[in-house]
Amino acid sequence: KTRLRDLREDRDIKQREVAAYLNCSQQVYSNYELDQRDIPTAILIQLANFYGASVDYLLRLTDNQSEMYFGPVILFYRLVACYTLGSGAEKPAE
């Protein structure tokens, strides 16, 4: 089962009800649930709002519904910040 299906079934919502919210057919929504069709970004955001979960959770980038996955880009910026702070720059107040 996919995250979308789990979220929908946990709330006792029918596919046709989610499809109506998204303004698409039940078949299109079913294809999203079955990973048979890529979900457009705008629809993904609508689904995250509808289910009260993060986009990252829907995409399985995190197991926490409200947590965002920051990935390597954020890690890179953190490393740059540490390097900069270690090179004589003042550390921010904590």
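Quick caveat, the model's predicted, so the values are computed rather than measured.

Draft legend 1. Geometry of the environment of N31. Secondary-structure assignment places N31 in helix 3 (residues 26–33). Every residue in contact with N31, bar those within four places of it in the chain, is listed here: Q36 and R37.

Draft legend 2. Structural detail: the packing of helix 1 (residues 3–10) against helix 3. At their nearest, the axes of helix 1 and helix 3 sit 7 Å apart, and the two run at 115° to each other. Along the contact surface, helix 1 presents L4, R5 and R8, while helix 3 presents Y29, Y32 and E33.

Draft legend 3. Inspection of the nonpolar core at higher detail. Counting 17 residues, the largest nonpolar core has L4, V18, Y29, L47, Y51 and L58 as its most contacted members. Among the secondary structure elements, those contributing two or more residues to this core are helix 1, helix 2 (15–22), helix 3, helix 4 (41–51) and helix 5 (55–58). Broken down by element, the residue count for this core peaks at five residues, all from helix 4. Not counting chain neighbours up to four residues away, the residues in contact with L4 comprise Y29, Y32, E33, I39, L47, Y51 and L58.

Calculation notes
Sequence positions are assigned chain by chain, starting from 1 and proceeding in written order. Since the coordinates come from a predicted model, pLDDT governs what is reported: local features require at least 70, and pairs of side-chain atoms require 80 or more to be given and counted, while whole-chain, interface and lining totals use all residues. Hydrogen atoms and water are omitted, and side-chain values are computed over all heavy atoms in the structure. Each helix corresponds to a stretch of at least 4 residues labelled H or I by DSSP, and each strand to a stretch of at least 2 residues labelled E; elements are numbered beginning at the N terminus. By definition, residues are in contact when any of their heavy atoms lie within 4.5 Å. The axes are straight lines fitted to the C-alpha atoms, using for helices just the contacting stretch, and the angles between their N-to-C directions are given from 0 to 180°. Residues grouped as a nonpolar core are buried Ala, Val, Leu, Ile, Met, Phe, Trp, Tyr and Cys residues, joined through side-chain atoms within 4.5 Å. For every residue, the accessible area (1.4 Å probe, protein chains only) is compared with the maximum for its type, and the residue is labelled buried under 20%, exposed over 50%, or partly exposed between those bounds.

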